[in-house]
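# Structure at a glance
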Amino acid sequence: MEKQSTHKSTSQAQSQPQNLSDRDLLKRMQLLVQRERGLVTEILHHLREVERRKLYSDLGYKSLFDYTVKELGYSEGQAARRIQAMRLLRELPQEEAKELEKKIEDGSLNLTNICQAQSFFNEVKKACPENPLQAKDKLDVLKELEHKSSRQGQAALMEKRQDAGLDVSLPKEKTRILSGEHSELRLVLSKELLAELEEVRALLGQKAMGMSWAELIGEMAALSKEALKDKKFGKRREKATPSTPALRRRCIQTAAPKPRSISKSKRYRVWERDGGACVKCGSKTGLQVDHIVPVALGGGCEEENLRLLCGSCNVREGVKEFGLMRMKREDQSVGRDRIEFCEWGSRG
Ligand SMILES: [Zn+2]
């Protein structure tokens with residue numbers, strides 16, 4: 001036993017970098033990097049499955065990005081590169097995706113260039129949605145980025161942007177957090193939009209004349225919030241009523257399927273009660289009114305059986321309730337997992 005452990009520690013000491021010969025050190029270095037690249041594609045596959053199941057929702061994260069940074073400890077840049085690469089792999093047909101994986105594993109393409117390329121593909125799609133790049137075109141672009149540094153990749157893609165007629169002169173929008181209280185928002189406005197904003201200022205009257213842009217945007221946000229609430233929930237909105245145990249019992253006990261329609265004012269009360277945020281992860285975007293007990297399982301449209309969920313959390317609840325096998329994935333080409341509820345179609 002003692003002999004065995006002595007033997008083990010001797011071989012461990014021998015494999016320490018400082019004890020390796022020059023030749024072995026270089027060989028081992030190659031081997032380790034190869035192993036690391038292999039791990040990258042494996043991580044991308046796992047990331048894809050986590051997204052498909054929306055597992056991050058159970059951990060209280062608003063998005064896969066949030067989960068990757070806060071739970072897995074990647075920097076924001078590392079997280080973005082992995083997620084972009086995963087999405088590109090997901091969008092490509094199987095054979096092309098395999099080809100790309102091989103290039104990641106043999107080191108001819110790095111994640112930064114893949115991420116830059118994916119941004120370019122998305123820009124093209126946004127500029128001409130009716131004519132997005134095909135898988136073959138994407139592989140051609142990626143081929144040109146092989147064995148290039150990220151700076152060289154950036155330059156090559158800039159040329160492609162010009163060739164594709166994309167506007168390359170305007171700086172991108174940027175949000176920078178200055179403190180816990182303040183963020184700097186950089187954006188580029190067209191001449192028309194600027195004129196429209198000045199028109200809003202004029203319509204607001206005297207009080208708006210001395211306003212800074214931030215103050216003006218604040219005023220506009222307050223006004224649009226009210227207008228949008230009117231549109232979403234109707235002009236006559238009642239306050240949320242406190243839930244009673246009797247009502248909750250009634251909604252869960254009733255087994256017969258009920259109509260799905262939820263009135264605007266009821267939606268508003270649920271919205272107000274849940275603070276305009278997903279009750280699972282706190283997200284304020286892509287919110288849906290969800291049935292706690294699904295309609296297919298006899299749940300009704302009483303306020304007590306309704307809650308606000310974001311899209312991801314809603315899908316996750318569906319996966320937990322009905323299983324992944326009964327969820328249908330559709331439209332791979334748009335690059336987003338849109339999972340539909342197939343048979344029950346009952347969650348809000
Ligand atoms: Zn959520």
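None of these values were measured; they are calculated from a predicted model.

Turning to the overall build of the chain, a few remarks are in order. A tally of helices and strands in the chain yields 14 helices and six strands. Counting the 348 residues in the chain, one finds 22% classified as buried. Of all intrachain contacts in the chain linking residues separated by at least 6 positions in sequence, the fraction that spans at least 24 positions is 64%.

Here we take up unusual backbone geometry. Most peptide bonds take the trans configuration, and most residues that are not glycine carry a negative phi. Positive phi, normally seen in glycine, also occurs at Lys54, with a value near 55°. You can see Lys54 is positioned in the loop between helix H2 (22-53) and helix H3 (64-70). A tally of 26 C-beta atoms within 10 Å means that Lys54 is categorised as buried. With a phi close to 55°, His147 is a non-glycine residue in the positive phi region. Mapping His147 onto the fold places it in the loop between helix H7 (135-144) and helix H8 (150-163). Residue classification places His147 among the exposed residues on the basis of 11 C-beta atoms within 10 Å.

Of all hydrophobic cores here, the largest spans 35 residues; its most connected members are Ala85, Ala117 and Cys278. Taken together, the elements giving at least two residues each to this core come down to H2, H3, helix H4 (76-91), helix H6 (111-127), helix H13 (264-273) and strand E4 (306-310).

Confidence in the prediction of the chain, expressed as mean pLDDT, is 84, and 84% of residues score 70 or more. Across residues 251-257, where pLDDT falls below 50, the model places 13 contacts with residues more than four positions away in sequence or in other chains. Across residues 329-348 the pLDDT falls below 50, and counting only partners more than four positions away or on other chains, this stretch makes 39 contacts in the model.

Of the pairings in the sheet, the one linking strand E1 (residues 174-177) to strand E2 (residues 183-186) comprises four bridges and is antiparallel in character. The partner of Thr175 across the bridge, within E2, is Leu185. From the end of E1 to the start of E2, which pair antiparallel, there are five residues.

Conventions used here
Residues numbered from 1 in each chain as written. Predicted model: local features only at pLDDT ≥ 70, side-chain atom pairs only at ≥ 80, totals over all residues. Helix = DSSP H or I, 4+ residues; strand = E, 2+ residues; numbered from the N terminus. Buried ≥ 20, exposed ≤ 12 C-beta atoms within 10 Å, placed from the backbone. Contact = placed C-beta atoms within 7 Å. Core = buried A, V, L, I, M, F, W, Y, C linked by C-beta atoms within 7 Å. pLDDT = per-residue confidence, 0-100. Pairing = 2+ DSSP bridges.

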